[in-house]
Amino acid sequence: MKAARLDSFGGSDRLVYGDLPDPSPKKGEALVSVRACALNHLDLWIREGNPAYKIELPHILGNDAAGVLEAFGPETSVPEFSVGDSVIVSPGVSCGECARCKEGLDNLCDSYAILGANAGWGSYAEKIAVPARNLILKPARLSFEEAASYPLVFLTAYHMLATLARVKKGSTVVVVGSGSGVGAAAIQIAKHLGATVWAASSSEAKLKAAKELGADGVLTSPPDRLSKAVRKALGRGGVDVVFEHVGGDFFTEAVKCLRPGGTLVTCGATANAEVALDLRYVFFKELKILGAKMGTLEELRTLSRLFDKGKLSPIVDRVFPLAEAKEAHDYLAARKQFGKVILTP
Ligand SMILES: [Zn+2]
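Residues numbered from 1 in each chain as written. Predicted model: local features only at pLDDT ≥ 70, side-chain atom pairs only at ≥ 80, totals over all residues.

**Regarding the overall build of the chain**
Stated formally: Only DSSP runs of H or I with at least four residues qualify as helices, and only runs of E with at least two residues qualify as strands; both kinds are numbered from the N terminus onward. In this description the radius of gyration comes from C-alpha coordinates, and the expected globular size is given by 2.2 Å times residues to the power 0.38. Here a residue counts as buried when 20 or more other C-beta atoms fall within 10 Å of its C-beta, as exposed when 12 or fewer do, and as partly exposed in between; the C-beta atoms come from the backbone.
Each helix and strand counted, the chain has 11 helices and 18 strands in total. Taken over C-alpha atoms, the radius of gyration comes to 20 Å for the chain, in line with the 20 Å a tight globule of 345 residues would show. Here the C-alpha coordinates of the chain stretch approximately 60 × 40 × 35 Å along the principal axes. Taken across its 345 residues, the chain has 50% of its residues classed as buried.

Next up, the structure:
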């Protein structure tokens, strides 16, 4: 099969497009013929050799995949699926046996890992072998490119807003970094849950796109002025929920945007993982600061039904052929996209 593989860590020029043997699915696995996969920032960190991920080389990146079920491994079947079905693949791999997995909290399984990261080869390839229980039927109304665009980012945003922060009708939500894949997903999900949504970004073009996605208001602000911008736009009270994934100065300011009893939920630190936090805000206002890691398999099934019913729309920025994975990485690193960057084998 053709794949874009990494033989060494470093710049985007380390992505090598060429031939690798087809993977053969083991017991419990399925083989998927990949029609589209999506880029995530995680790919850039792994490619650069981030020590947080113990990756054996050669490696294939890619957390999100949409494609066609080609075969099951030996002694493996899943009643709802037949060879030839169009599927997406849940990117989170867990043991399926431990107490947390049995409770449906598979994202908190001790062995939880992500396809294309610490759970083996990913989807920058014509074929991928995945745990059979990670298959989900592709929403019929979506193209493969659209279907590959939503698993990781929409799952993360849904877990953060619906499950952890309990956003509901009437909630006020600020989405920080609203132009990223996860930020754009958060705008749609918060609107779907009935919230009033304010999108924050320093890019006018991305704020325009955020409004088109349904944001009720926009906050143009450099990272160290976010709370001032919120007070100016919404008055002194503060908001119910801040959706955060940038870290650094944004996190510090995001805490100051919350009303008493408000919730900050975070899933990332693309700018800086070390943050300054004034604890007086946290205890005097009884703030809740929640961490989020991906989401559960069941949440991804719920989301897929929402896409199937047209309640949510995928956000594809640009599609590159797999052979141009290098160009796609450079494009993502330049942060000019709104929504997801997709590769097609
Ligand atoms: Zn487990």
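There is more to say after this.
**Some details on the sheet that holds strand E1 (residues 2–6)**
Short version of the rule: Pairing between strands is defined by DSSP: at least two bridges between them are needed.
Pairing within the open sheet is antiparallel, and its 3 strands lie in the order E2-E1-E4. The open sheet is flanked by strand E2 (15–19) and strand E4 (59–60), the only strands paired with a single partner. Here 2 bridges tie E1 to E4, and the two strands are oriented antiparallel to one another. Directly across from Arg-5, in E4, lies its bridge partner Ile-60.

**Observations concerning the domain arrangement of the chain**
Put simply, the rule reads: Start and end points for every domain follow an automatic or database-based domain assignment. Each residue is represented by a C-beta atom placed from its backbone, and any two residues with such atoms within 7 Å are regarded as in contact.
Per the domain assignment, the segments of the chain are domain 1 (2–150 + 314–344) and domain 2 (154–291). Distance from the C-alpha centre of domain 1 to the C-alpha centre of domain 2: 28 Å. Facing the 6 residues of domain 1 at the interface are 7 residues of domain 2.

**With respect to the environment of Ser-77**
Considering the arrangement of structural elements, one finds Ser-77 in the loop between strand E5 (64–72) and strand E6 (86–89). Between the alpha carbons of Ser-77 and Asp-317 there is a distance of 35 Å; along the sequence they are 240 residues apart.

**Examining helix H10 (residues 297–308)**
Applied cut-off: Any helix carries an expected span of 1.5 Å times its number of residues minus one. As used here, the arc belongs to the directions running from the helix axis to the C-beta atoms.
Its 12 residues place the ends of H10 17 Å apart at the C-alpha level, agreeing with the 16 Å of an ideal helix rising 1.5 Å per residue. Listed in full, the buried residues belonging to H10 are Leu-297, Glu-299, Leu-300, Leu-303, Ser-304 and Phe-307. All buried residues of H10 project into a common sector of 150° when viewed along the axis, lining one side. Exposed side of H10, more than 90 degrees from the buried face: Glu-298 and Arg-301 are the residues found there. Looking at the packing, one finds that the buried side of H10 touches E6, strand E7 (92–93), strand E10 (135–137) and helix H4 (151–164). Count one or two residues on from H10 and you reach Gly-310, which has phi positive near 80°.

**Some remarks on the environment of Glu-286**
Mapped onto the elements, Glu-286 comes out in the loop between helix H9 (279–284) and strand E16 (288–291). Measuring from C-alpha to C-alpha, the distance between Glu-286 and Gly-261 comes to 5.0 Å, with 25 residues separating the pair along the chain. If near-sequence neighbours (up to four positions away) are discounted, Glu-286 is found in contact with Pro-260 and Gly-261.

**Quick word on the sheet that holds E16**
What counts here: Here an angle of 0 to 180 degrees is reported between the N-to-C directions of two axes, which are lines fitted to C-alpha atoms, with helices fitted over the stretch in contact.
Reading across from one edge, E13-E12-E11-E14-E15-E16 is the order of the 6 strands in this open sheet, with parallel pairing throughout. In this open sheet, the two edge strands, each paired with only one partner strand, are strand E13 (217–220) and E16. Across the sheet, the axes of successive neighbouring strands diverge by a mean angle of 20°, strand direction being ignored. With 5 bridges joining them, strand E14 (residues 239–244) and strand E15 (residues 258–266) adopt parallel strand pairing. In the strand pairing of E15, Glu-244 is matched with Thr-266. Taken strand by strand, helix H7 (residues 226–234) contacts strand E11 (172–176), strand E12 (196–201), E13 and E14, and its axis lies near 145° from that of E13.

**Description of unusual backbone geometry**
Going from Leu-57 to Pro-58, the amide bond is cis rather than trans, its omega being -5°. Its identity as a non-glycine residue notwithstanding, Glu-286 has a phi of 50°, on the positive side. Even without being glycine, Met-294 reaches a positive phi, approximately 50°. Residue placement: Met-294 occurs in the loop between E16 and H10.

**Section: the nonpolar core**
The condition that has to hold: Each nonpolar core reported here comprises buried Ala, Val, Leu, Ile, Met, Phe, Trp, Tyr and Cys residues connected via C-beta atoms within 7 Å.
With 107 residues, the main nonpolar core has Val-174, Val-175, Ala-199 and Phe-243 as its most contacted residues. With 8 residues, the top contributor of residues to this core is H4. When residues of this core are assigned to domains, at least three fall in each of domain 1 (2–150 + 314–344) and domain 2 (154–291). Excluding residues that lie within four positions of it along the chain, Val-174 makes contacts with Trp-198, Ala-200, Val-230, Val-239, Val-242, Phe-243 and Cys-257.

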